[in-house]
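# A look at the structure
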Amino acid sequence: YKRQFVNCPLLQAKGDGATFAFDFTGKTLGAYVVSGPTSAVLEWSVDGGAWKSKDTFTPWSGHIYMPWPYLLENNLPEGTHNVRFRVKAKDKRDTILLYGLMITP
């Protein structure tokens, strides 16, 4: 038994409009999010493009926090990119808990 999601660092973005950004090199981008009762809508923009969104509240989020992977972008042009994330509150859900990014060359 491997305890993969115990004592791991998290980036917490809390509050409507909270932002964070990363530079990365790759063609595919995904995010590992801890989904739970406070999970908000995750918005993202790559290289200043149009904003996209994903509600990170799952059917189980009302009862438990659990890791959840989201594929955000695929087939990006080769090279270095910038992704900007933004929290969009929905009801009383206003938090994104990010514990990793998936990036493929």
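What this report covers is the structure whose coordinates are included nearby. Everything quoted here is computed from the prediction, not taken from an experiment.

Another point: the nonpolar core. Within the largest apolar cluster, 19 residues are counted, with the highest numbers of intra-cluster contacts made by Leu29, Trp44, Val46, Leu72, Val83, Phe85 and Val87. Residues in contact with Leu29, not counting those within four places in the same chain, are Phe24, Val46, Leu71, Leu72, Glu73, Val83, Leu101, Met102 and Ile103.

Taken in spatial order, the four strands of this open sheet run E1-E8-E3-E6, and their pairing is antiparallel. The open sheet terminates on both sides in strands that have one partner only, identified here as strand E1 (11-14) and strand E6 (66-73). Looking at each pair of strands side by side, their axes are set apart by 35° on average, direction ignored. In terms of strand pairing, strand E3 (residues 28-35) meets E6 through seven bridges, oriented antiparallel. Note that in E6 the partner of Tyr32 across the bridge is Pro69.

The next subject is the pattern of salt bridges. Summed over the entire model, instances satisfying the criterion amount to five salt bridges. Residue Lys52 is joined to Glu73 by a salt bridge in which the shortest nitrogen-to-oxygen separation is 3.0 Å. One end of the pair, Lys52, is in strand E5 (residues 52-55); the other, Glu73, is in strand E6, with 21 residues separating them in the sequence. What makes Glu73 buried here is its relative accessible area of 10%. A salt bridge links Asp55 to Lys90; its shortest N-O distance comes to 3.2 Å.

Take the packing of aromatic side chains next. The tally for this structure, following the rule as stated, stands at five aromatic pairs. Judged by centre distance (4.9 Å) and plane angle (25°), the ring pair of Phe20 and Phe85 falls under stacked. Of this pair, Phe20 sits in strand E2 (residues 19-25) while Phe85 sits in strand E7 (residues 80-88); the two residues are 65 residues apart in sequence, bridging distant segments of the chain. For the pair Phe20 and Phe85, one class covers both residues: buried. Geometrically, the ring pair formed by Phe22 and Phe85 is edge-to-face, given 6.4 Å between the ring centres and 70° between the ring planes. Residue Phe22 is found in strand E2, and its partner Phe85 is found in strand E7; the two are separated by 63 residues along the sequence. Members of the aromatic cluster, each reached through a chain of ring pairs, are Phe20, Phe22 and Phe85.

Cut-offs applied
Residues numbered from 1 in each chain as written. Predicted model: local features only at pLDDT ≥ 70, side-chain atom pairs only at ≥ 80, totals over all residues. Heavy atoms only, no water. Core = buried A, V, L, I, M, F, W, Y, C linked by side-chain atoms within 4.5 Å. Buried < 20%, exposed > 50% of the residue type's maximum accessible area, 1.4 Å probe, protein only. Contact = heavy atoms within 4.5 Å. Pairing = 2+ DSSP bridges. Helix = DSSP H or I, 4+ residues; strand = E, 2+ residues; numbered from the N terminus. Axes fitted to C-alpha atoms, helices over the stretch in contact; angles between N-to-C directions. Salt bridge = Lys/Arg side-chain N within 4 Å of Asp/Glu carboxyl O. Phe/Tyr/Trp six-rings, centres within 6.5 Å; stacked < 30°, edge-to-face > 60°.

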